[in-house]
Amino acid sequence: MFPVSPAAQTMSAPAPAPPGAVRLWLYRGLAAIGLPVLLLLAGEGGLRLAGYGRDARFLIPDDQPGFYRTNPGYVSLFMPGSFDLRPLNFRVARQKPAGTLRIIVLGESAAQGVPEPAFAFAPQLRAQLRARHPGKNFEVINTGIVAINSHVIYQIARDLADFSPDLFVVYMGNNEVVGPNGPGCSYLAQMPPLWVIRLGVFVRTTRTGQLLGAVLARLNRGGPLPQWGGMAMFTENAVRGDDPRLEKVSANFESNLEDIVRTAAAAGARTVLCTVVSNLKDCAPLLSLHRPDLSAEGKTAWTKAFDRGRLNWLLGDNTTARTDLLEAWRLDPQYAETAYLLGSLALQTGDRRAAQDYFLTAQHWDALRFRPDPRLNEITRRVAARHASASLVDAAVLLGSDPASTGLPAGRELLFEHVHLDWAGNHQLALALARGVEAALPGIPPSNQPWLDPEGSAQALAYTPTARAAVLQKIATITQNPPFPNQLTYPEDMARFARELARAQAERDNPERLRESWRTAEAALARDPGNPALIKIAEELANDRGDTGAALKLARRGRELQPSFFRLAANEALKLSQAGHFDQAEQLLQQTAATSAARDLTTLAPAFVDLAIRTRHYAEGRRVLDAFLARRPGDPNLAVLRGRLARLAGDTVAAEGELRTILADHPGSQGALEELVSLLTEAGRPSEAEEASLAATEHQPGNQANNFRAALAAEARADEAAAAKYYLAAERSGPVTAAIELRLARKLAGLGRADEVLFHLAWARRLSLLEGNPAVTASITDYINQLRAPRP
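All of the points below concern the structure found in this document. Every value quoted in this text rests on a predicted model; they were computed, and no experiment measured them.

**Details of the overall build of the protein chain**
Step number 1: Regarding its fold elements, the protein chain presents 34 helices and 8 strands.
Step number 2: Scaling as 2.2 N^0.38, a compact globule of 792 residues should have a C-alpha radius of gyration of about 28 Å, and the protein chain matches this with 30 Å.
Step number 3: Among the 792 residues that make up the protein chain, the fraction classed as buried is 51%.
Step number 4: For the protein chain, the exposed surface amounts to about 35400 Å²; the carbon and sulfur share of it is 57%.
Step number 5: On the protein chain, the mean spot of the 86 positive side-chain charges and the mean spot of the 83 negative ones are 4 Å from each other.

As structure tokens, this is what we get:
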């Protein structure tokens, strides 16, 4: 080795910097990093001191000391604030009461209990535990929210971990594709890495991030803010069953679920994970797509086979239908409706396993992914198995919506539509969860008390025949809107639903049933006097019985037990008006309006209108609505109410002008159309009412009442083509009868559309069987046989 000279050593190894230089370099580096951070912290602190922005936690301090309430603006961290989706309104004690077991339910709309949270599995779970362990105090906190998914639920779990939970119950998976950051989301379909999603949420929780978001929203605003439109918003967001993005969905779901379990464990709580249930048997696909490589020739052959199979399925010719549908299946095994029809045929022959496989395949290829893929339930099972602090309730297997289920496929016996559980489904799920919770909580001693049967649960929650009518009415609002009218079985589904609703309404209107329901609610409330849901049920029953004093007393009690909420105030004001306490009603409404957000005024306005009508102070009511419209310009619902007051005041010219203006600006406003048609009819101007109806048909395809009006108007003009068009629209916008289907079939026959005639006759026959009219069924059958008879 060559020796290295001292000079060379000096050149190759720089002399160490003086200590002062090192410190200076470090200070400069820290300043470069720390100065922006300090400025951000200072800005954040300044914004907080100035009162800018909103609290981003799920629970925020309540007016009642020592309590927290649900944050009405929480969902706006993840979705547009204009959607106005909110958690249930309740308060929670910051310090858990001694001897209380606090159970937190996490999930989406199915966990919340759509259509009626008072009868969801969460309150049923509490009722089961109270009956089984009468000496224990169980607090079940339902945090379910419509349209959220695991990205949101993870954040809720983090917030609730600070409130001394004993147990989390997780029932989620329905919205992973259509919820925030899912590939089927209509407003936020980007799928960045999970850490980016969580960083974005964190930024939006800061006042600085909220300010930046407000500035960007103002700069980018190019029109009216998007409004929540329910499932109809997602009809253009198809995601195929083999979409590669679904792998990312599964990975994110698993990560969020893992972190929920870890968050609970860190808080000293256990977790019960529950697989989710979906309707396989009685929920036809919402959107079927052909395989991408299907040729034009293949599509033609498929169409012939499928159309023959579908018609024979409707006609009850199952053997021929199966042959045709299997041919369509061979040509395109990805078309979801084919698998669904084959599943229903297999079930009719008693082949439950084949039916289950076909139904699951139909769900897999349904391109509007409002039902969970079985892969998500598999993830739930894996996560439960990996954690000592977690246990599993396999509801999907138990209730018949999993490949491993051994009973009948889940259907309308348990669910209203695709994923929302009916009373029986909620009862079975709650009972399974109660057993799981009992096993998971070490602090619960053994009990010999029985679990509640469905009748016992109904008694505990005051679920009565009169209550069912209101529940079904809410479901009707959901299922009469897209995407449900696209389902193959829609006419039969809606006819069956309409019959059930009619029976429930008859029960509600029966005086003896009303008295029985009142006694049930009184007894339930005596056992559980601090339950706001029971108070609301009793209040509604008192109102139905005409006992305004009792209804007002209960409304006030309900408002005392819950956080301040404009809906509760409006409800009490309505009761005050009914009781003739007009000054008190007005004072309460004015106070509430002064402290309400602009978005709340649309819901508050009907109470003002009711007061104006009862007092005949129409001009004062219009002034209130003018003030509301100044805060919420362009709101068609407020404008319709203002037009209604003008009409009631006798100023029909002003009312008509306002209603026509609304329809010009918002042609989809059904409220404005119905008010205008009613006004014109009362004024003896039927031709103008007809003209308004016809003009609205293109903009209001889901308005069944208007579709029927338009059909009758077309018939009066002998325009059979237009009449058929409007009857077809009526068929896809609500329940129709066998007579309507028969009428439509005859019009189509007169128009020479023979390929459609048998299809609607088949529907007429199926509906007549539901209606229980053998003579009509026989007549339709004869008509069908004539058309199908060989030509000489």
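Having seen it, we continue.
**A few points about the sheet that holds strand 6 (residues 167-171)**
Step number 1: Reading across the sheet, the 5 strands line up as 5-4-6-7-8 and stay open at both edges, with parallel pairing between neighbours. The open sheet terminates on both sides in strands that have one partner only, identified here as strand 5 (137-142) and strand 8 (390-393). Ignoring strand direction, the axes of neighbouring strands in this sheet form an average angle of 20 degrees.
Step number 2: In this fold helix 5 (residues 150-160) packs onto strand 4 (100-107) and strand 6, with an angle of close to 165 degrees to the strand it touches most, strand 4.

**Let's talk about the packing of aromatic side chains**
Step number 1: Counting across every chain of the model gives 19 aromatic pairs.
Step number 2: With centroids separated by 5.0 Å and ring planes inclined at 65 degrees, the aromatic side chains of F565 and F566 adopt a geometry described as edge-to-face. Each member of the pair, F565 as well as F566, carries the same accessibility label: buried.
Step number 3: Here a set of aromatic residues connected by ring pairs shows up, and it is made of F83, Y187, W228, F234 and F370.
Step number 4: Note that R94 overlies the ring of Y68, its terminal NZ or CZ placed 5.8 Å from the centroid.
Step number 5: In this structure, R94 is placed above the aromatic ring of F163, and the distance from its NZ or CZ to the ring centre is 4.3 Å.

**What to know about the pairing of strand 2 (residues 67-70)**
Step number 1: With 3 bridges connecting them, strand 1 (residues 59-61) and strand 2 associate as antiparallel partners. Among the inter-strand pairings, P61 is bridged to a residue of strand 2, identified as Y68.
Step number 2: Relative to strand 3 (residues 91-93), strand 2 runs antiparallel, the two being bridged by 3 bridges. Residue pairing in the sheet places Y68 in a bridge with V92 of strand 3.

**Let's talk about the side chain of D243**
Step number 1: Position of D243 relative to the elements: it lies in the loop between helix 7 (207-220) and helix 8 (245-266).
Step number 2: D243 sits in the buried class, given a relative accessible area of 16%.
Step number 3: Within the local environment of D243, its side chain forms a polar contact with the side chain of R245, the two groups lying 2.8 Å apart.

**Focus on helix 16 (residues 454-461)**
Step number 1: Among the residues of helix 16, those classed as buried are G456, S457, A458 and L461.
Step number 2: Considering only its buried residues, helix 16 is in contact with helix 4 (121-132), helix 15 (423-440), helix 19 (511-527) and helix 20 (532-544).
Step number 3: A positive phi of about 60 degrees marks A462, the residue just after helix 16.

**A closer look at helix 13 (residues 374-386)**
Step number 1: Compared with the 18 Å implied by 1.5 Å per residue over 13 residues, the 19 Å span of helix 13 between its first and last C-alpha is a close match.
Step number 2: Residues L376, N377, I379, T380, R381, V383 and A384 constitute the buried set of helix 13.
Step number 3: On its buried side, helix 13 packs onto helix 8, strand 7 (270-274), strand 8 and helix 14 (395-399).
Step number 4: You can read the cap of helix 13 off the contacts: a side-chain oxygen lies 2.8 Å from the backbone nitrogen of R375, and it is on D373.

**Here we look at unusual backbone geometry**
Step number 1: Residue P115 is reached from V114 by a cis peptide bond, and omega for that bond is 15 degrees.
Step number 2: Following the sequence through the fold, P115 ends up in the loop between helix 3 (109-112) and helix 4.
Step number 3: With omega at 10 degrees, the peptide bond leading from P482 into P483 counts as cis.
Step number 4: Despite not being glycine, R616 shows a phi value in the positive range, around 60 degrees.
Step number 5: Phi is positive for A718, which is not a glycine, with a value near 60 degrees.
Step number 6: Locating A718 in the fold gives a position in the loop between helix 30 (704-716) and helix 31 (720-731).

**Focus on the nonpolar core**
Step number 1: In this structure, F306, W313, L341, Y726 and L761 are the most contacted members of the largest nonpolar core, which totals 54 residues.
Step number 2: Per-element tally for this core: the top contributor is helix 33 (residues 754-771), with 8 residues.
Step number 3: Contact partners of F306, with chain neighbours within four places excluded, come to L325, A328, Y335, E337, T338 and L341.
Step number 4: Counting residues in hydrophobic clusters, the runner-up holds 42 residues, among them Y68, V261, L273 and L376.

Each value, and the rule that gives it
- Residues numbered from 1 in each chain as written.
- Predicted model: local features only at pLDDT ≥ 70, side-chain atom pairs only at ≥ 80, totals over all residues.
- Heavy atoms only, no water.
- Helix = DSSP H or I, 4+ residues; strand = E, 2+ residues; numbered from the N terminus.
- Rg over C-alpha atoms; globule rule 2.2 N^0.38 Å.
- Buried < 20%, exposed > 50% of the residue type's maximum accessible area, 1.4 Å probe, protein only.
- Areas by Shrake-Rupley, 256 points an atom, 1.4 Å probe, with all protein chains shown as cover.
- Lys, Arg positive; Asp, Glu negative; His and termini not counted.
- Charge placed at Lys NZ, Arg CZ, Asp CG, Glu CD.
- Pairing = 2+ DSSP bridges.
- Axes fitted to C-alpha atoms, helices over the stretch in contact; angles between N-to-C directions.
- Contact = heavy atoms within 4.5 Å.
- Phe/Tyr/Trp six-rings, centres within 6.5 Å; stacked < 30°, edge-to-face > 60°.
- Lys NZ or Arg CZ within 6 Å of the ring centre and 35° of its normal.
- Polar contact = N/O pair within 3.5 Å; in protein donor to acceptor, adjacent residues only side chain to side chain.
- Expected span 1.5 Å × (residues − 1).
- Core = buried A, V, L, I, M, F, W, Y, C linked by side-chain atoms within 4.5 Å.

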